[in-house]
Amino acid sequence: MYILDTILPHISYSKSSLPFAKATFSVLAYDTRKIRVGDDSLFFALVQQRDGHRFIAEAYEKGVRSFVISDTAFDISPYPEANFIWVADTLRALQQIATFHRNHFSIPIIGITGSNGKTIVKTWLHQLISEEYNCYQSPKSYNSQLGVALSLWNLTSEHQIALIEAGVSKVGEMDILEEMIQPTIGICTSIGPAHQEGFDSITQKLEEKWKLFKSVKTVVAPSTVLEDVLNKYPNCTTWGRDRTDDLQLLGQHRDKNNTILELFYKEQAFSLTVPFIDKASIDNVMTCTLVMLTLGYATDVIKLRILGLRPLEMRLQLKKGKHNNSIIDDTYSNDLASLQIALDFLAQQNQGEVRKLILSDFEGEEWTKSSVSKLADLLNVQPLNQIILVGNRLKGVKAHLTVPSLLFESTDALLDSLQQLNLTDSVLLLKGGRKFELERVSRLLVEKSHDTILEINLKALENNLSQYRSCLKNGVRIMAMVKAFSYGSGSFEIANVLQFNKVDYLTVAFVDEGAELRRAGITLPIMVLSPHEGTFEDMLLYRLEPEIYSLRILKAFVSFLEERKIEAYPIHLKLDTGMHRLGFMTDEIQEALTTICANPTVRVATVFSHLAGAGSEALKSFTTGQIGLFEYMVAKIESTLGYTVIKHICNTSGIVHHPEAHYDMVRLGIGAYGFDMAPNGLQLEDVGRLKTTITQIKQLSKTETVGYDRKGVLQRDSRIATVKIGYADGYDRRLGNGVGNMVINGRSVPTVGNICMDMCMLDVTDIDVAEGDEVLVFPNMSEIARSIGTIPYELLTGISSRVKRVYFYE
Ligand SMILES: *Cc1c(COP(=O)(O)O)cnc(C)c1O
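Definitions and limits used
Residues numbered from 1 in each chain as written. Predicted model: local features only at pLDDT ≥ 70, side-chain atom pairs only at ≥ 80, totals over all residues. Heavy atoms only, no water. Helix = DSSP H or I, 4+ residues; strand = E, 2+ residues; numbered from the N terminus. Rg over C-alpha atoms; globule rule 2.2 N^0.38 Å. Buried < 20%, exposed > 50% of the residue type's maximum accessible area, 1.4 Å probe, protein only. Contact = heavy atoms within 4.5 Å. Lys, Arg positive; Asp, Glu negative; His and termini not counted. Charge placed at Lys NZ, Arg CZ, Asp CG, Glu CD. Near = heavy atom within 4 Å. Polar contact = N/O pair within 3.5 Å; in protein donor to acceptor, adjacent residues only side chain to side chain. Areas by Shrake-Rupley, 256 points an atom, 1.4 Å probe, with all protein chains shown as cover. Nonpolar A, V, L, I, M, F, W, Y, C, P; charged D, E, K, R; others polar. Phe/Tyr/Trp six-rings, centres within 6.5 Å; stacked < 30°, edge-to-face > 60°. Salt bridge = Lys/Arg side-chain N within 4 Å of Asp/Glu carboxyl O. Arc of directions from axis to C-beta. Axes fitted to C-alpha atoms, helices over the stretch in contact; angles between N-to-C directions. Parallel < 35°, antiparallel > 145°, perpendicular 65-115°, else oblique. Left-handed = near helix turned anticlockwise from the far one by under 90°.

### Digging into the overall build of the protein
When you go through the protein residue by residue, the secondary structure sums to 25 helices and 40 strands. Against the globule reference of 28 Å for 810 residues, the protein gives a C-alpha radius of gyration of 29 Å, in line with a compact fold. Dimensions of the protein, computed from the C-alpha atoms along their principal axes, are close to 90 × 85 × 60 Å. Per-residue burial over the protein gives 58% buried out of 810 residues. Summarising the internal contacts of the protein: among those between residues at least 6 apart in sequence, 65% fall at separations of at least 24. Side chains of the protein give 83 positive and 95 negative charges; the mean places of these two sets differ by 1 Å.

### Observations regarding the site of the ligand
The environment of the ligand is made up of Met-481, Lys-483, Tyr-487, Leu-529, Arg-581, His-610, Asn-651, Thr-652, Arg-667, Gly-669, Ile-670 and Tyr-793. Residue Thr-652 places a side-chain N or O atom 2.5 Å away from an oxygen atom belonging to the ligand. At 2.7 Å, a backbone N or O of Ile-670 approaches an oxygen atom of the ligand. Protein burial of the ligand: of its 380 Å² of free accessible surface, 94% is covered by the chains. For the shell around the ligand, the residue count by class is five nonpolar, four polar and three charged.

### Some words on the packing of aromatic side chains
Using the criterion set out here, one finds 23 aromatic pairs in the structure. Ring centres 5.5 Å apart and planes at 40 degrees place the aromatic pair Tyr-2 and Trp-153 in the tilted group. With a gap of 151 residues between them, Tyr-2 in strand β1 (residues 2–3) and Trp-153 in helix α5 (residues 145–153) connect regions that are remote in the sequence. With relative accessibility at 11%, the residue Tyr-2 sits in the buried group.

### Remarks on the pattern of salt bridges
Evaluated as defined, the whole model comprises 32 salt bridges. Among the ionic pairs, Asp-412 bridges to Arg-440, the shortest N-O distance being 2.4 Å. Of this pair, Asp-412 sits in helix α13 (residues 411–417) while Arg-440 sits in helix α14 (residues 439–445), placing them 28 residues apart in sequence. On the basis of relative accessible area, Asp-412 is assigned to the partly exposed category, the value being 43%. Note on Arg-440: relative accessible area 26%, which makes it partly exposed. Across the salt bridge formed by Glu-638 and Lys-647, the nearest N and O atoms sit 2.8 Å from each other. The buried category is assigned to Glu-638, whose relative accessible area is 18%.

### Some thoughts on the side chain of Thr-692
Its location among the elements puts Thr-692 in strand β32 (residues 688–700). Non-local contacts of Thr-692, meaning those with residues more than four positions away in its chain, are made with Asp-451, Thr-452, Val-723, Lys-724, Ile-725, Asp-773, Glu-774, Val-775 and Val-777.

### Considerations on helix α21 (residues 589–597)
For an α-helix, the turn length of 3.6 residues means that residues three or four places apart are oriented alike. Considered for burial, the residues of α21 that qualify are Ile-589, Ala-592, Leu-593, Thr-595 and Ile-596. In a view along the axis of α21, the buried residues occupy a sector of 160 degrees, so they form one face of it. Residues of α21 that are buried sit in contact with α20 (551–563), β28 (569–575), β29 (602–609) and α22 (620–641).

### Some words on the packing of helix α3 (residues 90–102) against α5
At a closest axis distance of 8 Å, the pairing of α3 and α5 adopts a crossing angle of 30 degrees. Between α3 and α5, the crossing angle belongs to the class labelled roughly parallel. You can see that α3 and α5 cross each other, and the crossing is left-handed. Across the interface between the two elements, Leu-91, Leu-94, Gln-95, Ile-97, Ala-98, His-101 and Arg-102 of α3 pack against Gln-145, Leu-146, Ala-149, Leu-150, Leu-152 and Trp-153 of α5.

Below you can see the structure in the form of structure tokens.
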């Protein structure tokens, strides 16, 4: 906890207005949606994504009384009880406060950077050394300019060592991260082509990353990243296959699902059994081993701990539960920072009225009076109906809870009583450390799955949304298209995230899709693209707003409303400016307007049209023509109606390619899910990843054939893997016979023979795989779509509903 005026000397501020200079704070807030106890927060009006100044009123409403802002013209008079500090750059000020906080600690701080593997190395190290140290790790992948600052803020005097992840995407960023973290030990995991966009060359990227190590004593790195520049970095401790490496890899071989490594360190040879077979995991184990050696661990301790490593499920997953529950599964690690993130995610869920938390004890850390009250304070302000605690050491916490709670001494005790707890119709957050194995609870609560799953990354959805948002002028609204089961990605799970991220409208194709969203607690206005007369009743019941595209549907809707004496029901007028699908043509609009003006039953909420080739350079003049016709028709509509309406015409590609036509709102579709058919400079992330597993592997001689009609003719003795996905799951039959390819352990393999209904076969002759290995089905959606003459839209929406959707947020 800090007193406001004591931090002033540590930030570069230009002026201040501090009527309550002795106010205290312990939370750095920047997102009003996440504020639970306002009066304990110092709010930063960040401007990187959305202008934070616009949310000051809301923050004030929630009790925040101290603000750091940059807008010198901001009118503070409506906030008489608040403190204001003006700075040139609010993010910079937040970083300065984090640095000030970090400077209170003289513990070893391990700074981790690299292109791949940062989060895994961090989490594994935490697992490997937690028995000896009260070890802090930055939560999830909080490694950005903001994430690092927030990570450091959570350091407390009880921690004995800290692992902080640092990620950079362009030149210049690392200096600031270094200034904040001031690591005493450095780790570089790898330097690869990932995130290359912001750099001219790998060397430049390496140099940028190395800025993190400006004043460390030791840097642990693979010698391959340094190659000829190694001598530039004398404080390096390296691992690799060279004699000169401090930790030398003499050899390795596979034994079932393990890899045995023969190693040499300081004149001592030893071997390690690693419970993984893929190269990335081996690399990460090498890094972790060398760090442990550097910290002085004995090889037999290292051996034992490495053997106990498990694959990472650091993901916070949202799954469909039995008994109408939703399960948020975050059972991999537990500490205050990641608990906070999981609770925020829980608060976002609207699909059940009742929210419950199952929480295990934290690992390692001793509970002190202050950490007990910190946890209790955090829990008491959450929208929770019940808390179920696991672990006797949480007794002290239970005594401080105001929410109804239960305590079980162990996971086994909880499992014994699970039936009696009556967990139905709720959203359940399972949050626990690895040792507590809450995944055993999760397994009982979650609906059984078919082995093929579509993983939906909700964080990627948020990222894509903010990428498109950054293309819009202030005040332009976003209508998010969630038709066709959100392009195959889910319904309320996606809509909850969009609602939380304050899009303005949602759009579905049919009334029943909209009804499902309403039943799941979505309150945003929802437009329906293809309403018809039989569904008007439900439309009203669920407060859905129709697209009106013809005189017939207009008249039908108006008379339906008249019978019920309803007034000013919002409708959306669709104009046909050249797409020639649905909508009023120029010569039909007058009659529509006459009907609307004569009927107080409806009110035009928005007027819109659809571009036929928004992303196409070749169709540019056609698009310009559509836009011109739209403006002409809109002008006529507004003057006849006598009021202004919200206007919109751009879909995803229109947003990027026709900024002149954003008007009042844009309709974001496929781009939100990570695809944009026209090239653009945005950094989109795939939201969906379709995954399956290998059911069987067989060795066949070159005289054999594979699959129906003997179409899979082998050219050589081959190893063939059967995977559990077929055309009934949405794996198009045209992808058979080598047209499609999937990725296993990072390697691409072609299909063999015809695709079957529930399965297909892959040629895995050239790679090291085992039954049960995970298979990525669409490694490159756009390219695969093109190879069979279709578009990602069709592949995405074609993924069958029997493929379970698993949502995660990391
Ligand atoms: C589907 C749809 C969109 C979104 O298109 P994307 O290309 O996916 O962005 C926009 N407007 C209308 C009317 C649509 O039907």
